[in-house]
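# Observations on the three-dimensional arrangement
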Amino acid sequence: MGVARPAVPMAPAVLAIDAGNSKTDAALVAADGTVLGTGRAGGFQPPLTGVEAAVDVLAEAVAKAAAAAGLPGVPRAARVSACLANADLPVEERRLADAVAARGWGAATEVRNDTFAILRAGVDRPRGVAVVCGAGINCVGMLPDGRTARFPALGQISGDWGGGSGLAQEALWWAARAEDGRGGPTALAAALPAHFGLASMAALIEALHLGGLDRGRLHELVPVLFAVAAAGDAVASAVVERQAGEVVALASVALDRLGLLGQEVPVLLGGGVLAARHPQLNGRIEELLSHRAPRARVSVVTAAPVLGAALLGLDALHAPPAALTRLRAHFE
């Protein structure tokens, strides 16, 4: 009897990367949609670390995916499809695409903002709009013919409002003014400091100012804000109402730019704030959007964003529907 030869690993057609501020996921995918291997690494933050150091984090996730796929050395795919946080402007996408392409992971490289991954993960074909409300807020739309709608999403300087950071800051602002008399009463004045075991807003302000409380924990105040709003507090409810309006404004403008306002079209909600499905926020979004785009179908994206990056890669390679179905089944 002859000696059985070891199985030869399938060649990857797509190297998909989804990189956010807190984590990076990579997946190697064959042309038929089979997921060959996946890997995870830390957050992708080129504004803080520099581009090359940030791409080193991607390399760690890619190496883990290659090892899981049984591929020696650096993988070489037909296409790298990378959806990256902090790729907010076309010039940033080009800069990051050059840095990723220089690693030699694929014959072709495309970099998009990570919001596109969430959108593509939530639709059967590249058509629709996604609004992401995580630490910040962003919105993108796309059509099968390649047209897109997007916003700079650079914070206040680009007209943005809300997201986890914005909501926490707004809650603090109202609570501080309620306690010192500059503003009207709100239960936020007691609830926010109580979350951190403090007796007053004055104590919370001091702790934040002097470093006794890590500002990185401010995101913990977002669920407190929603709980206070759900209990009927007028100030907290007004903040939630404003966030719903911002989400609808973004979605409506993106739909209009793509000629989709009057059509049946998916509008996907993603990111920690919207994925939490707070009834007061998500319900109000649906209500407001029904007046602007009555045929829009609103849903929350639950699939892993790296699925969206991989689907975008297979789309570019004109993969057959069966490959897309096989890929989606792996992640869902």
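What counts as what
- Residues numbered from 1 in each chain as written.
- Predicted model: local features only at pLDDT ≥ 70, side-chain atom pairs only at ≥ 80, totals over all residues.
- Heavy atoms only, no water.
- Helix = DSSP H or I, 4+ residues; strand = E, 2+ residues; numbered from the N terminus.
- Rg over C-alpha atoms; globule rule 2.2 N^0.38 Å.
- Buried < 20%, exposed > 50% of the residue type's maximum accessible area, 1.4 Å probe, protein only.
- Contact = heavy atoms within 4.5 Å.
- Areas by Shrake-Rupley, 256 points an atom, 1.4 Å probe, with all protein chains shown as cover.
- Lys, Arg positive; Asp, Glu negative; His and termini not counted.
- Charge placed at Lys NZ, Arg CZ, Asp CG, Glu CD.
- Pairing = 2+ DSSP bridges.
- Axes fitted to C-alpha atoms, helices over the stretch in contact; angles between N-to-C directions.
- Parallel < 35°, antiparallel > 145°, perpendicular 65-115°, else oblique.
- Left-handed = near helix turned anticlockwise from the far one by under 90°.
- Nonpolar A, V, L, I, M, F, W, Y, C, P; charged D, E, K, R; others polar.
- Salt bridge = Lys/Arg side-chain N within 4 Å of Asp/Glu carboxyl O.
- Polar contact = N/O pair within 3.5 Å; in protein donor to acceptor, adjacent residues only side chain to side chain.
- Core = buried A, V, L, I, M, F, W, Y, C linked by side-chain atoms within 4.5 Å.

Moving on, we get to the overall build of the protein chain. Within the protein chain, the regular secondary structure consists of 13 helices and 10 strands. In summary, the protein chain has a C-alpha radius of gyration of 22 Å against a globular reference of 20 Å for 332 residues, a match within 12%. Overall, the protein chain is about 85 × 50 × 40 Å in size when its C-alpha atoms are taken along their principal axes. Burial statistics for the protein chain: of 332 residues in total, 49% are counted as buried. At a minimum sequence separation of 6, the contacts of the protein chain that also span at least 24 residues come to 67%. Total accessible area computed for the protein chain in this model is approximately 15000 Å², and 56% of it derives from carbon and sulfur atoms. Taking the average place of the 28 positive charges on the side chains of the protein chain and the average place of its 30 negative ones, the gap between the two points comes to 6 Å.

Glycine aside, residues mostly have negative phi, and peptide bonds are mostly found in the trans state. Positive phi is not limited to glycine here, since Asn-86 has a value of about 70 degrees. Summarising the element assignment, Asn-86 is placed in the loop between β4 (77–84) and α3 (90–101). Despite not being glycine, Ala-153 has its phi angle at roughly 55 degrees, a positive value.

Turning to the sheet that holds strand β7 (residues 137–142), a few remarks are in order. The sheet built from 5 strands is open, its strands ordered β8-β7-β6-β9-β10 with mixed pairing. Bordering the open sheet on either side are β8 (148–150) and β10 (296–300), each of which pairs with just one other strand. This sheet shows a mean twist of 15 degrees between the axes of neighbouring strands, independent of strand direction. Here β7 runs beside β8; their pairing, made up of 3 bridges, is antiparallel. Opposite Gly-141, over in β8, you have Ala-149 as the bridge partner.

Time to look at the packing of helix α5 (residues 163–180) against helix α9 (residues 234–257). In contact at an axis separation of 11 Å, α5 and α9 are set at 150 degrees when each is read in the N-to-C sense. One element, α5, and the other, α9, form an angle in the roughly antiparallel class. When you trace α5 past α9, the crossing you get is right-handed. Residues Gly-163, Leu-167, Glu-170 and Trp-174 of α5 touch α9, and the partners they reach there are Val-235, Val-239, Arg-242 and Gln-243. Residues that form the contact of α5 with α9 fall into these classes: 4 nonpolar, 2 polar and 2 charged.

The next point concerns the sheet that holds strand β2 (residues 24–29). In space, the 5 strands of this open sheet follow the order β3-β2-β1-β4-β5, with mixed pairing throughout. Bordering the open sheet on either side are β3 (35–41) and β5 (106–113), each of which pairs with just one other strand. Recorded for the sheet is a direction-independent mean angle of 15 degrees between the axes of neighbouring strands. Lying over the sheet, α3 contacts β4 and β5, oriented at roughly 150 degrees with respect to β5. Of the strands in this sheet, β1 (14–19), β2, β4 and β5 are in contact with helix α12 (residues 305–316), which crosses β1 at around 145 degrees.

On to the pattern of salt bridges, then. Counted according to the given criterion, the structure contains 17 salt bridges. Across the salt bridge formed by Asp-56 and Arg-103, the nearest N and O atoms sit 2.9 Å from each other. Remark: Arg-103 occurs in the loop between α3 and β5 and Asp-56 occurs in helix α2 (residues 51–68); sequence separation between them is 47 residues. Judged by relative accessible area, which is 43%, Asp-56 ranks as partly exposed. Residue Arg-103 is classed as partly exposed on the basis of its relative accessible area of 23%. Glu-264 serves as the salt-bridge partner of Arg-295, at 4.0 Å between the closest nitrogen and oxygen. Here Glu-264 lies in the loop between α9 and β9 (265–270) and Arg-295 lies in the loop between α11 (279–292) and β10, a separation of 31 residues in the sequence. Residue classification places Arg-295 among the partly exposed residues on the basis of a relative accessible area of 45%. Taken together, the shared-partner salt bridges connect Lys-23, Asp-25 and Arg-40 into one network.

Looking at the element boundaries, Asp-233 is found in the loop between α8 (221–230) and α9. Despite its burial, Asp-233 pairs with no opposite charge; the closest candidate is Arg-177, at 13 Å N-O. Polar side-chain contacts of Asp-233 include one of 3.2 Å to the backbone nitrogen of Val-235. Ignoring anything within four residues of it in the chain, the contact list for Asp-233 reads Thr-186, Ala-187 and Val-228.

Within soluble globular proteins, side chains that are nonpolar tend to cluster in buried spots. Among the nonpolar cores identified, the biggest contains 57 residues, and Leu-188 and Leu-192 are the most heavily contacted of them. At 11 residues, the largest contribution of residues to this core is made by α9. Ignoring any residue separated from it by four or fewer positions in sequence, one finds Leu-188 in contact with Ala-171, Ala-175, Pro-193, Leu-225, Val-228, Val-235 and Ala-236. Core analysis: the next-biggest nonpolar cluster, separate from the first, contains 31 residues, Cys-83, Leu-119, Ala-130 and Ala-309 among them.

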